[in-house]
Structures are given as C-alpha cells and as structure tokens.
Amino acid sequence: MSLKFRVLLCLLCIASQLSPMLTGEAHALEKVVLQLKWTHAFQFAGYYAAQQQGYYQQAGLEVDVREVSPQASGLNVIDEVVSGRAQFGVGTSSLLLERKAGKPVVALAVIFQHSPQILIARKKSDLQTVHDLSGKRLMLEPQSDELIAYLRSIGIPDATMKTVDHSFSTQDFIDGKVDVMSAYVTNEPFYLNQSHVDYQIYTPRSMGIDFYGDNLFTSEQEIKQHPERVQAFRDASLRGWEYAMAHPAEIIALILHSYPERFASPQAQAALQFEAQQMQALLRTDLVAIGYMHPGRWRHIADTYASMGMLPEGYTSDDFLYQAPQEHNNRLLYVWIGLTLLIASGVAAIALYIYSVNRRLALSMQELKEQSLRLKLLSMAVENSPASVLITGPDTRIEYVNPQFSKETGYSAEEVFGKTPKLLQSGFTSPQTYASMWANLNQGKLWSGELINRRKSGQIYWEEALIAPVLNQHGETTHFVAVKRDITERKRADEKLAHMAHHDSLTNLPNRVLFFERVQYGLSLARRQQSQLALMFIDLDRFKPINDNYGHAVGDAILQEAARRMSELLRESDTIGRIGGDEFVGLMMDIGSVTVAEQLATKICHALSIPFELSGVQHEITASIGVALFPHHGEDERTLSRAADIAMYHAKAGGRNAVRIFEAQMQDNYLLAETETRAMPASSGL
C-alpha cells in the first residue's frame, strides 16, 4: 500500500478516535421519565433490561420507569408525556386518534407487531359467536379504540353495549358482575385458566384489524428541544428489548426481585413465564427487528379507524412517525464515517501536502520507518472495519478496497484494482440515482443513497452508500472515498412486512384491503374494455362447530386447505381473498356470460364439499356462494358487494351447499338492514 493511502487511512482512524468526544458521551446523566400504561409486568421487560444492563447509563440517561396502578384511574399516559411530566410513554395504536385530537404525540418505535388486545366473554354455548355480545355488560379499559372498531366492524353499535369502567380484576368477570371484558392475550387468560372458568376469546385480527401494540412514543416538543436525548433513549430501549427477549428467565427474576410487593403471589413467576411465552408471537423477532414500524401498516390502521367513523377519510400526519437520523446499531460507526466524509475534502489537501513536503525534505530513514509504523497501526482500523471501504482515483479506477469489501462482493483486491465500480452494477439501480450521485460528486458534495449491485457470484444485493470526493488545494478531485453497508436483509424484511399488511396471515390470500383494491382496478378495466366481471361472496357452512369442537388448530388447517382448493380452480387473472373468519370473496375477470361465472362457482362449491382429512379424522363442510355480475347487477363495488351478499344469503337460506346468481326480486324478500352488518370494502365505507 502506498504511503499517501496510508495517510488517508490514518485520517479516517483519527476521526474515529475523536468521535466519542464529539458525541457527548461523557456528559452527566440526564434524568428522564418513562410512563408505562399499566403496572410493572414482563410486558415492559425491555425497559427493565436497559436499566439493569446499563444501556441507559451508557447513553447518558437516568431513567425513572413509572407504572400506572389500577387505583390511579385519573392518570392518562398521553397527558403525562404531552405535559412534560414524562418525556416518554407506552401507548396503543390509539396514538393516531390522540394525534388527530390535537395532542402532538410522535411514535418512536413499535414493540408488539401484533396488538395483544382481545375481548373475553363467558362461554355459555359451543354455538355462540361474537354477535352474541350485543347488549352485554362490557368492562372496557382506556385506549381500547381498536376493540371499539372491532365491534363496529361486525355491526355492533356502541349504543348497544352496556359499557362500564374496567376494574382491572378478573374476579369481577369470574363472579359474573360483567359479561365481557377487554383483556390482553398475554395476561388475563392465565388467571382464568387457573380459576377453571369457561371463556371465549374474540380477537380483532379475525376481522383483519391487525394493529400495532405497546408503541414507544414521545412529544414533538421533546424531539425539538432534545433530539439527541430522544435518539439515545430509543436506541438504549431497543437494545434492552433485544436482551430481554433473548434472556426471559433472567428478566423474570429481575422483575420478581425489583417489585416483591407487586409479585407476592405464589403464581407470580408462572404468570410472568406465561406472559413472556405469549409475547414471542406478538413481537415476531424471528421476522423483524424490535422497534421496526412500517408506514404502510400505520396507513392501514388509519384507514380502519376511518372506515368506522373514528378518523376522517384519507387522514395523514407526516410528523407522526419518528425519523431516526441513523441506524441505532451502527451509531458509532456512522458517526466516524460521517465525520470523516465531511472533513475529507479539507484534510486531503493537508495530507497530500505533508506527503510532498516529507519527500522534498528527505526525512531520515529512521523517521520514515517510524511514520510508516504509525500509519500501519492506524490503517488496521480501516482494514478491520465492519463497513466496506473503497477508494478510487479521479478516473474512478479502484486503488484500494478493505477486506470487508471482498467479503461482501466476493471480489479479491487483486481482481478489482485498476477497474471501475461499474463491475458491481446489476442494471437494477435507476438511471436517476446515478444522475443524482454524479451531480453531487461533481460539485464536490457528499452523496448518500441506496444501490442495487451484483456480487461476483451473480447474487443481487442492496447496499447503503456514502460517497465523498477528496479535493486538493486547488479544488480538484484527487480521489473518491466510498463507505458502504449491505442492507439486503433489511430490504427483505420490508418486503415481508408490506406483504403482511395486504395478505391474510393464515391463508396468505389477499386481505380485505388488497382484494377490494383489485375489485376497483377490475371495474375500471371492465369499463374500458366493455367486458363483464363477477364478484363472489363465499361463506363456509358448518365450519364453526368444527372450530369449536376440535380447536383452532384444526379450524386453521381447514381454512388453509379450503384456500388452496379455491385458488387452484381460478385463472391467473382471478382473485380469491379472505375477509375474516370463514368468509371468502372471489373476483372473476372478463367472463363471457353468467353461465361461465356459475360454472366456476359450482366447481368451488363442489371442491369444498369434499371431506377434509386431518389426523385420521374426516371433517365435512360445504359452501354457500352468492354471485353478482358487472354491469348487470351493479356498476360500483358497493352495489356489487351488496348484491353478492344478498345472493349468498339466499343460497344459505335455501339449504346451503348451493350457488345463487343475484336477481332483483331477491331484495324484496331480504332484510337489507342485515347486509349492512356484513364485511364490505373499507375503502368504500361498507
């Protein structure tokens, strides 16, 4: 390696040594308050772990974690944070409603990818459904707006429920003082199982209402006045959560030791273990990093609230989601990278000047040896950097790469020397990205962005790049320095979350949102092409007794197999979706006649009547299918949905296991009010 490159690498390393001092890590501890939304429990394990492991202290923070006791009924977590009495809080997805109400809350991170909120009712019959909750006494806790949206979505208006304040005691439910109570799937079921009470769980997820849960949030004022503190608190908290979920037994012991009065019951340890186990399925740490939140998922939550009249249609809030300055798990790396690239243009001229002066002065051999040793030691930091580093000349021909570059790309240093970074191009990065990059670099400015490149093996990968030109004293570019990081796994996680937001998690079929988006597109296409399409409403007959008698595992397996059978019968242009429970919908594009639609629906009906064999037991169900055609039975999705729904109920009323094509006279014999309680496309307000 030539001496001038050792000088450049030396400067990179010096910046990395200075970065801790510049980031203020030596400051005195700042006192902040984290307001929980409930009593101390494993539900908040990550924050206890962050304290115990010293993550908050390392971030310069002294954190007071405050619980909310059941007796403190007047305490509101949102108000505590907005008023400044607490700097951070834990809340539900009702934060969106609070934001619309004028409270400047900002979501920092999502802890639960799936909300734990459920409704629990006393089980009186194997045939009872969620519709039986109408008119019952409901004990509802604060910030349960998603449960209210759930009840509204199945046609139970607020006025029909006899709602009382939550006592936060399962004993009131056991004693029959209330018929239904809001609960957490991680908590109350444990105590009800211990008391041997028969109960039924109803979850909003069965209707496609899949909200985030236990969101870490702060206020706009806190972000504006203390941005570094917010970032430090968020990073330390998420480190704590990662530790807690990896060491649940250790954190359970910590909770029992720290709050002996709260957990004096002999059942306390078993209850915490139950809670920790249940949380695994809610956090989904096997799929996404703790704290990750997807804007599209928040958009879906807002649309769901809007469809129930709880938010305006199309409500958006650009400042609701926190934008972190940088990835928390690479903070120190990015600090020195950022500092290096910002000062690179200034120090490059000095470095090269020193090099030329040293040559002219003909330093003694001993001095050169000492200088070479120092540079060699400092350059080892870059050689062992976890980020890929690449240096080119002004003609973009590669003059240096570190070992991490070779590890990520598969190219050795010898293979790339003298070549340009174009050998990594995949053809998938847009021309606009390259145009923006060179527009900045040619003006002597730093550029950062994402590139889609190709490894030596041919594998495509994503990387995040920071590139800066190095200028001499005349303002001429002498080198380009690129620091890059492989973000392929993060991109894959984003794609998985986007898929989850638009597909049913059990059957992998399109959910309500995606299906009716396709209906809208299909209607537009049919109008342009003057063709016909058919909309099917499919309801499984006799499914609930199987689900109740044999358990949800068997019921889920039947739903998955039913989805597979239906999907195999469709053409590539058709769609089958699941909109909740045992209800499916079908879209058939460009059908020639009503006969074609009826024939396909009949095939589906027959396929579902074939027994389902699971673990040696045969289960028999059938299907009632209603079909409506565009443009004969309606010219918009609302009218077509109502027509297909009415036809489906006529099929069910006529003995089930049947297909009915909508006819106008069906409306005369049908209670239209009943159709209003059926699941309609959220985008149409049905």
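Attention here is on the structure that accompanies the text. Once a new chain begins, its residue numbering starts again from 1 and follows that chain's sequence as written. pLDDT decides what is reported in this predicted model: residues at 70 or higher carry local features, side-chain atom pairs at 80 or more are listed and counted, and totals for whole chains, interfaces and linings draw on all residues regardless. With hydrogens and water set aside, each side-chain value is computed from the structure's full complement of heavy atoms.

**Considering helix 11 (residues 248-258)**
What counts here: Note on exposure labels: buried denotes an accessible area under 20% of the residue type's maximum, exposed denotes more than 50%, and partly exposed covers the range between, all computed with a 1.4 Å probe on protein chains only. The secondary structure listing takes helices from DSSP runs of H or I that are at least 4 residues long and strands from runs of E that are at least 2 residues long, numbered from the N terminus. Throughout, the arc means the angular range of directions from the helix axis out to the C-beta atoms. Residues count as neighbours in contact if any of their non-hydrogen atoms are within 4.5 Å of one another.
What helix 11 keeps buried is the set Ile251, Ile252, Leu254 and Ile255. Down the axis of helix 11, the smallest arc covering the buried residues is 160°, so these residues share one side. Every exposed residue of helix 11 that faces more than 90 degrees away from the buried side is listed here: Ala249 and His257. In this fold, the buried residues of helix 11 make contact with helix 2 (45-52), helix 10 (227-246) and helix 12 (268-283).

**As for the pairing of strand 16 (residues 532-541)**
Applicable threshold: Strands are labelled as partners when DSSP assigns at least two bridges between them.
For strand 16, a buried count of ten out of ten residues is recorded, marking the element as mostly surrounded by other parts of the structure. Neither face of strand 16 is exposed, since Gln532, Ala534, Met536, Ile538 and Leu540 on one face and Leu533, Leu535, Phe537, Asp539 and Asp541 on the opposite face are all buried. With seven bridges connecting them, strand 16 and strand 18 (residues 583-591) associate as antiparallel partners. In the sheet register, Ala534 faces strand 18, and the bridge partner there is Met588. Direction of pairing for strand 16 relative to strand 21 (residues 622-630): antiparallel, over a ladder of nine bridges. Each residue of the ladder has a partner; that of Leu535, found in strand 21, is Ala628.

**Some thoughts on the sheet that holds strand 7 (residues 162-165)**
Rules: Every axis in this analysis is a line fitted to C-alpha atoms, fitted for helices over the stretch in contact. Angles between the N-to-C directions lie between 0 and 180 degrees.
The five strands lie next to each other as 7-6-8-5-9, forming an open sheet whose pairing is mixed. The two strands at the open ends of the sheet, each matched to only one other strand, are strand 7 and strand 9 (199-202). Adjacent strand axes in the sheet meet at a mean angle of 30°, parallel and antiparallel pairs treated alike. Inspection of the sheet shows strand 5 (residues 117-122) paired to strand 9 by four bridges, in the antiparallel sense. The residue of strand 9 that forms the bridge with Leu119 is Tyr202. Along the sheet face, helix 6 (residues 145-153) touches strand 5, strand 6 (137-140), strand 8 (180-184) and strand 9 and points at about 60° away from the line of strand 5.

**Considerations on unusual backbone geometry**
In the segment running from Phe630 into Pro631, the intervening peptide bond is cis, with an omega of 5°. Looking at the element boundaries, Pro631 is found in the loop between strand 21 and helix 24 (637-653). With phi around 65°, Asn508 is a residue other than glycine that occupies positive phi space. Structurally, Asn508 is set in the loop between helix 19 (488-502) and helix 20 (512-529). The class of Asn508 is partly exposed, set by a relative accessible area of 47%.

**Thoughts on the packing of aromatic side chains**
Note the cut-off: Here is the rule: rings of Phe, Tyr and Trp (six-membered ring for Trp) pair when centre to centre is within 6.5 Å. Planes less than 30 degrees apart are stacked, more than 60 are edge-to-face, and the remainder are tilted. Our definition puts a charge over a ring when NZ of Lys or CZ of Arg is within 6 Å of the ring centre and also within 35 degrees of the ring normal.
Overall, the coordinates contain twelve aromatic pairs when judged by the stated rule. Three or more aromatic residues link up through ring pairs in this structure, and these residues are Tyr56, Phe88 and Phe233. Seen from the ring of Phe173, Arg122 lies directly overhead, with NZ or CZ sitting 5.4 Å from the centre. For Arg565, the ring lying beneath its charged end belongs to Phe612, and the centroid distance is 3.8 Å.

**Thoughts on the packing of helix 21 (residues 543-550) against helix 22 (residues 552-569)**
What counts here: Between 65 and 115 degrees an angle is taken as roughly perpendicular, under 35 as roughly parallel, over 145 as roughly antiparallel, and anywhere else as oblique. Note that Gly is not counted as nonpolar here; it falls among the polar residues with everything else outside the nonpolar set of Ala, Val, Leu, Ile, Met, Phe, Trp, Tyr, Cys and Pro and the charged set of Asp, Glu, Lys and Arg.
Contact geometry of helix 21 with helix 22 gives a least axis separation of 6 Å together with a crossing angle of 140°. Between helix 21 and helix 22, the angle is such that the two are oblique. In contact with Phe543, Ile546, Asn547 and Tyr550 of helix 21, helix 22 contributes His552, Val554, Gly555, Ile558 and Leu559. A per-class count over the contact of helix 21 with helix 22 returns six nonpolar, three polar and no charged.

**Here's the deal with the pattern of salt bridges**
What counts, and what does not: Basic side-chain nitrogens of Lys or Arg form a salt bridge, by our definition, when they fall within 4 Å of a carboxyl oxygen of Asp or Glu.
The final tally for this structure, using the stated rule, is 30 salt bridges. Measuring nitrogen to oxygen at the nearest pair gives 3.5 Å for the salt bridge that ties Lys103 to Glu98. The exposure class of Glu98 is buried, given its relative accessible area of 19%.

**Some thoughts on the sheet that holds strand 13 (residues 447-454)**
Reading across the sheet, the five strands line up as 12-11-15-14-13 and stay open at both edges, with antiparallel pairing between neighbours. Each end of this open sheet is capped by a strand with a single partner; those strands are strand 12 (398-401) and strand 13. Across the sheet, the axes of successive neighbouring strands diverge by a mean angle of 30°, strand direction being ignored. The pairing of strand 11 (residues 388-392) with strand 12 spans three bridges and is antiparallel. Note on strand 12: the bridge partner recorded for Thr392 is Ile398. The strands touched by helix 18 (residues 431-441) are strand 13, strand 14 (460-471) and strand 15 (477-486); relative to strand 13, the strand with the most contacts, the crossing angle is about 140°. Strands strand 13, strand 14 and strand 15 of the sheet are contacted by helix 19, whose axis makes an angle of about 130° with strand 14.

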